[in-house]
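Residues per chain, in single letters:
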Amino acid sequence: MKQRMCEMYNKLAKVRNLRAEQQDWLCFYCRFTMWERDVDAFSKRYGIGKRLANRFQCTAEHLTPVQNGGSNNLENIVAACKFCNQTRHKMRKVPSAEKYRQHVRKRVRAGKWHPRELYQMATSENTVAVTSQRTCMRPTLTCAFSQVGDRGTVSRQIPYFGSAGCWKSPKIAASGANCSRP
């Protein structure tokens with residue numbers, strides 16, 4: 001029995017990691033950066049405490065919950081941060097994945113999903129931001145960015161426009177606006 005559970009967990013971990021790679025290590029719901037193995041490195045990279053960093057641990061999220069007949073197949077699994085995954089399943093009636101995703105994105109746009117100091121890590125449907133845990137938050141020459149739009153996610157390298165450890169989207173940099181990071 002124990003061996004069977006380990007095999008099932010390992011299979012689920014592989015599917016989770018595959019989905020996380022496909023999603024550029026961004027949560028399926030909130031689009032915040034996630035981590036897999038090293039909470040210390042993640043918390044140092046983004047200048048946040050471990051308690052806050054723990055909410056962004058990458059988890060396997062079942063689009064159709066197992067209790068409702070969902071399976072561990074690739075088609076039913078996405079990568080989601082621990083906070084979004086747990087919050088969805090704490091609801092009295094678990095909403096569909098798409099309905100919950102819309103709810104979360106609306107709250108993220110309003111700045112009411114994660115604590116305010118964490119929004120420097122986020123990407124939303126109309127912004128450009130640092131995407132994967134493999135890119136540096138404070139690069140010196142170029143930085144990997146991802147833009148989400150009607151045609152899906154497009155990742156690309158663009159010049160680093162910020163100063164004093166801050167990053168800016170090309171739109172903000174062109175306008176001459178100062179970095180909004182505290």
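The rules we used
- Residues numbered from 1 in each chain as written.
- Predicted model: local features only at pLDDT ≥ 70, side-chain atom pairs only at ≥ 80, totals over all residues.
- Heavy atoms only, no water.
- Core = buried A, V, L, I, M, F, W, Y, C linked by side-chain atoms within 4.5 Å.
- Buried < 20%, exposed > 50% of the residue type's maximum accessible area, 1.4 Å probe, protein only.
- Helix = DSSP H or I, 4+ residues; strand = E, 2+ residues; numbered from the N terminus.
- Contact = heavy atoms within 4.5 Å.
- Pairing = 2+ DSSP bridges.
- Arc of directions from axis to C-beta.
- Polar contact = N/O pair within 3.5 Å; in protein donor to acceptor, adjacent residues only side chain to side chain.

Digging into the nonpolar core
Here is step 1: Within the largest apolar cluster, 29 residues are counted, with the highest numbers of intra-cluster contacts made by Cys-27, Tyr-29, Cys-30, Cys-84, Val-104 and Trp-113.
Here is step 2: Elements with a minimum of two residues in this core: α2 (39–46), α3 (50–54), β2 (77–81) and α5 (97–109).
Here is step 3: Excluding anything up to four places from it in sequence, Trp-113 contacts Cys-30, Arg-55, Phe-83, Cys-84, Thr-87, Tyr-100, His-103, Val-104, Arg-107, Val-108 and Tyr-119.

Regarding the pairing of strand β1 (residues 58–62)
Here is step 1: Where burial is concerned, most of β1 is hidden: five out of the five residues are buried.
Here is step 2: The alternating pattern of β1 places Cys-58, Ala-60 and His-62 and Thr-59 and Glu-61 on opposite faces, both of which are buried.
Here is step 3: Bridge count between β1 and β2: five bridges; the pairing is antiparallel. Note on β2: the bridge partner recorded for Glu-61 is Val-78.

A few points about α2
Every α-helix carries 3.6 residues per turn, so stepping three or four residues along brings you back to the same face.
Here is step 1: Listed as buried for α2 are Val-39, Phe-42, Ser-43 and Tyr-46. Along the axis of α2, the buried residues cluster in a sector spanning 95°; they form a single face.
Here is step 2: Buried positions along α2 lie against α3.
Here is step 3: N-capping of α2 is provided by Asp-38, with a side-chain oxygen placed 3.2 Å from the backbone N of Asp-40.
Here is step 4: Following α2 by one or two positions, Gly-47 has its phi on the positive side, about 65°.

Regarding the environment of Ser-43
Here is step 1: Within the secondary structure, Ser-43 sits in helix α2.
Here is step 2: When the C-alpha atoms of Ser-43 and Asn-54 are compared, they prove to be 8.7 Å apart, with eleven residues separating the residues in sequence.
Here is step 3: Those residues in contact with Ser-43, other than ones at most four positions away along the chain, are Ile-48, Gly-49, Lys-50 and Ala-53.

Observations regarding helix α4 (residues 82–90)
Here is step 1: Three or more residues of α4 are buried, namely Cys-84, Asn-85 and Arg-88. Summarising the axial view, the buried residues of α4 lie within an arc of 100°, below the 170-degree limit, and thus occupy one face.
Here is step 2: For α4, the elements touching its buried residues are β1, β2 and α5.

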